Amino acid sequence: MNDVLVKSSFRTKTQLCLMMFLQYMLSAVWWVPLGAYLQNGLKFSPAQISYVLCAMAIGAMASSFIGSIADRYFSGEKILSVLNLLTGVFLVFAAQQTTFAPLMGCVVGAMLCHMPTQSLTSTIAMHHTAAEQFPRIRLFGSIGWVASGLFSLAAFHVLHLSAFDDTNLPMYCGAAVCLVAAVVDLTLPNTPPSSSHKSLSFMDITGFSVFPLIMKNRNYRTFMILTFLSIIPFTLYHVYGSVILAEVNVQYITVTLNFGQLAEMFFLVITTSILLRSGIKKTLIYGLAALTIRYVAFFLGAETSIQAFYYVGIIVHGLIFGLFYVGGQVYTDNVAPEGMKATAQGLLFFLIWGVGFLIGTLFNGWLIDTFRVDNGCDWPIVFAISSVTSFVLLILFAIFFRPEHLRQA
């Protein structure tokens, strides 16, 4: 009997790891090079590019609504399968569009279906495994993101294509992975609806029901405001990274950007140790310092035309995301009242990765358009602005953020 349980547990964990691997691969393979395709393949204007790339923020803001409604009536694995299938359909249609409005509509449709799956996969994984096992399962998502670069390597070396990231091929590849993921999702263990009778309100879905409680905390109010502002310089790389590398003639854009994900995997593993040893304030400051270092490195790369500086800026992505944004989730969990922790995390996700990400995408698109020159963009000025902004936020954080010690389980 014990052998059967062990085999069943191993099989379940294998299924969940494969789910995470495919879910993040299908996201990265088309989203990472999208900016380069819009700029070099379709010749969209900077404003049009920024509007299309806002799709992720739109999907993030709507994902809590879609997920909260869906998981009250259907099993999690079935919802995930349908959402992945719909994402693939939208990507096929998007790959066939060459004008702004139809492509914008298709990409937004794809993100409205895809973004809810990020929380849904976590829900499914944590339903079938112990909480301490989840980080190991989630790690396969990062592995899948990195593995997405294999598509571009295969296009260059196996199919002998002269271009991949600047074409619509990543969208077709993403659609293919969506189809595989949709089939695999149906083999996952059953994850029943959480509740089909619980009332659903706008305040609960977005997390605003907990807003008055946590915002009474002066330190958390400081944290929320400065984190909201930090996402603006953060999106310059996160959204327009492929555009930046395309203009400095990097051939393997997706593979190069994945160096940041490799570093992220390492720093996510050690984030807990840094939090416990250094405290929440120093951990978050380290993350903001890394954000400043990124744009200083990019500035030096643009000024000197030495690509090595760009690799420095890419590698510190793991420090920024792991220490500042994941560390911020840990701090939120500590500040939020008992019984409202998930709601507080929903508020953080909605404001930072939804509203803030949207504003950051539009602002940086405007910035790139404003400093557009005949042969591209005046990147040194853009990177200098982002460097100064990040440094000012770092100083403000160091002065005004004075949190209590973290509660330790």
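This is a predicted model, so every value here is computed, not measured. (Residues numbered from 1 in each chain as written. Predicted model: local features only at pLDDT ≥ 70, side-chain atom pairs only at ≥ 80, totals over all residues. Heavy atoms only, no water.)

### What to know about the overall build of the chain
Stage number 1. Helix and strand content of the chain: 18 helices and 2 strands.
Stage number 2. Counting over 409 residues, the chain shows a buried share of 53%.
Stage number 3. Contacts in the chain between residues at least 24 apart in sequence constitute 84% of all its contacts with a sequence separation of at least 6.
Stage number 4. In the structure as shown, the chain presents an accessible area of about 18000 Å², 68% of it carried by carbon and sulfur atoms. (Helix = DSSP H or I, 4+ residues; strand = E, 2+ residues; numbered from the N terminus. Buried < 20%, exposed > 50% of the residue type's maximum accessible area, 1.4 Å probe, protein only. Contact = heavy atoms within 4.5 Å. Areas by Shrake-Rupley, 256 points an atom, 1.4 Å probe, with all protein chains shown as cover.)

### Some details on the packing of aromatic side chains
Stage number 1. Tallying each qualifying case throughout the model produces 23 aromatic pairs.
Stage number 2. Centroid distance Phe-324 to Phe-397: 5.8 Å. Interplanar angle 65 degrees. Geometry classified as edge-to-face. Here Phe-324, found in helix H16 (residues 317-335), pairs with Phe-397, found in helix H18 (residues 379-400); they are 73 residues apart in sequence, far enough to count as distant.
Stage number 3. Given the relative accessible area of 1%, Phe-324 is considered buried.
Stage number 4. Given the relative accessible area of 0%, Phe-397 is considered buried.
Stage number 5. Here the aromatic rings of Phe-363 and Trp-366 are separated by 5.8 Å at their centres, their planes lie at 35 degrees, and the arrangement is tilted. (Phe/Tyr/Trp six-rings, centres within 6.5 Å; stacked < 30°, edge-to-face > 60°.)

### Considering the nonpolar core
Stage number 1. Counting residues in hydrophobic clusters, the biggest one holds 117 residues, and the most contacted among them are Trp-30, Leu-34, Leu-38, Val-107 and Phe-397.
Stage number 2. Broken down by element, the residue count for this core peaks at 15 residues, all from helix H13 (residues 218-247).
Stage number 3. Residues in contact with Leu-34, not counting those within four places in the same chain, are Val-52, Leu-53, Val-107, Met-171 and Ser-242. (Core = buried A, V, L, I, M, F, W, Y, C linked by side-chain atoms within 4.5 Å.)

### A short note on the pattern of salt bridges
Side-chain pairs of opposite charge can arise where the charged atoms are in close proximity.
Stage number 1. Per the counting criterion, the structure on display carries 1 salt bridge.
Stage number 2. Arg-372 is the salt-bridge partner of Glu-247, the closest N and O atoms lying 3.1 Å from each other. Here Glu-247 is found in helix H13, whereas its partner Arg-372 is found in strand E1 (residues 372-373), with 125 residues between them in sequence.
Stage number 3. Since its relative accessible area comes to 30%, Arg-372 is described here as partly exposed. (Salt bridge = Lys/Arg side-chain N within 4 Å of Asp/Glu carboxyl O.)

### Regarding helix H3 (residues 46-53)
Along an α-helix, residues three or four apart share an orientation, since each turn contains 3.6 residues.
Stage number 1. Where H3 is concerned, the buried positions are Pro-46, Ile-49, Ser-50, Val-52 and Leu-53. Each buried residue of H3 lies within a common arc of 160 degrees when the element is viewed along its axis, so the set occupies one face. (Arc of directions from axis to C-beta.)

### A word on the packing of helix H6 (residues 100-114) against helix H7 (residues 116-128)
Two quantities define a packed helix pair, namely the angle between the axes and the distance from one axis to the other.
Stage number 1. Running from N to C, H6 and H7 cross one another at 20 degrees; their axes reach a closest spacing of 5 Å. Relative to H7, the element H6 lies roughly parallel. Note on element contacts: H7 touches H6 through Pro-116, Thr-117 and Gln-118, opposite Met-111, Leu-112, Cys-113 and His-114.
Stage number 2. In terms of residue class, the contact of H6 with H7 is built from 4 nonpolar, 3 polar and no charged. (Axes fitted to C-alpha atoms, helices over the stretch in contact; angles between N-to-C directions. Parallel < 35°, antiparallel > 145°, perpendicular 65-115°, else oblique. Nonpolar A, V, L, I, M, F, W, Y, C, P; charged D, E, K, R; others polar.)

### Topic: unusual backbone geometry
Stage number 1. Located in the positive-phi region is Lys-43, a residue other than glycine, with phi close to 60 degrees.
Stage number 2. Mapped onto the elements of the fold, Lys-43 is located in the loop between helix H2 (34-41) and H3.
Stage number 3. Here the phi dihedral of Ser-305 falls at roughly 60 degrees; this positive angle occurs in a residue that is not glycine.
Stage number 4. Structurally, Ser-305 is set in the loop between helix H14 (253-304) and helix H15 (308-315).
Stage number 5. On the basis of relative accessibility, which here comes to 64%, the residue Ser-305 falls in the exposed class.

### Thoughts on the packing of H2 against H13
Stage number 1. Their axes nearest at 6 Å, the elements H2 and H13 cross at an angle of 50 degrees. Considering the angle they form, H2 stands oblique to H13. Here the hand of the crossing between H2 and H13 comes out right-handed. Facing Leu-34, Gly-35, Ala-36, Gln-39 and Asn-40 of H2, the residues of H13 in contact are Ser-242, Val-243, Ala-246 and Glu-247. (Left-handed = near helix turned anticlockwise from the far one by under 90°.)

### What to know about the environment of His-128
Stage number 1. Inspection of the secondary structure assignment puts His-128 in helix H7.
Stage number 2. The exposure class assigned to His-128 is partly exposed, which follows from its relative accessible area of 25%.
Stage number 3. C-alpha of His-128 to C-alpha of Asn-190: the two residues are 62 residues apart in sequence and 9.2 Å apart in space.
Stage number 4. Residues in contact with His-128, not counting those within four places in the same chain, are Thr-12, Leu-16, Pro-189, Asn-190 and Thr-191.

### Side note on the confidence of the model for the chain
Detail in the predicted coordinates should be disregarded across regions flagged by low pLDDT.
Stage number 1. When pLDDT is averaged across the chain, the result is 85; 90% of the residues are at 70 or more.
Stage number 2. Element-level mean pLDDT values for the chain span from 68 in helix H11 (residues 202-206) up to 96 in H18.
Stage number 3. Considering only residues more than four positions removed or in separate chains, one finds that residues 1-7, a stretch of pLDDT under 50, has 0 contacts. (pLDDT = per-residue confidence, 0-100.)

### Quick word on the side chain of Thr-191
Stage number 1. Within the element layout of this structure, Thr-191 appears in the loop between helix H10 (169-185) and H11.
Stage number 2. Not counting chain neighbours up to four residues away, the residues in contact with Thr-191 comprise Ser-75, Gly-76, Glu-77, Ile-124, His-127 and His-128.

### As for a nonpolar patch on the surface
Stage number 1. A cluster of nonpolar side chains, Val-388, Phe-391, Val-392, Ile-395, Leu-396, Ile-399 and Phe-400, forms an exposed patch at the surface whose accessible area comes to about 590 Å².
Stage number 2. With a relative accessible area of 43%, Phe-400 lands in the partly exposed category. (Patch = residues over 30% accessible without salt bridge, like charges linked within 9 Å, V, L, I, M, F, W, Y side chains within 5 Å.)

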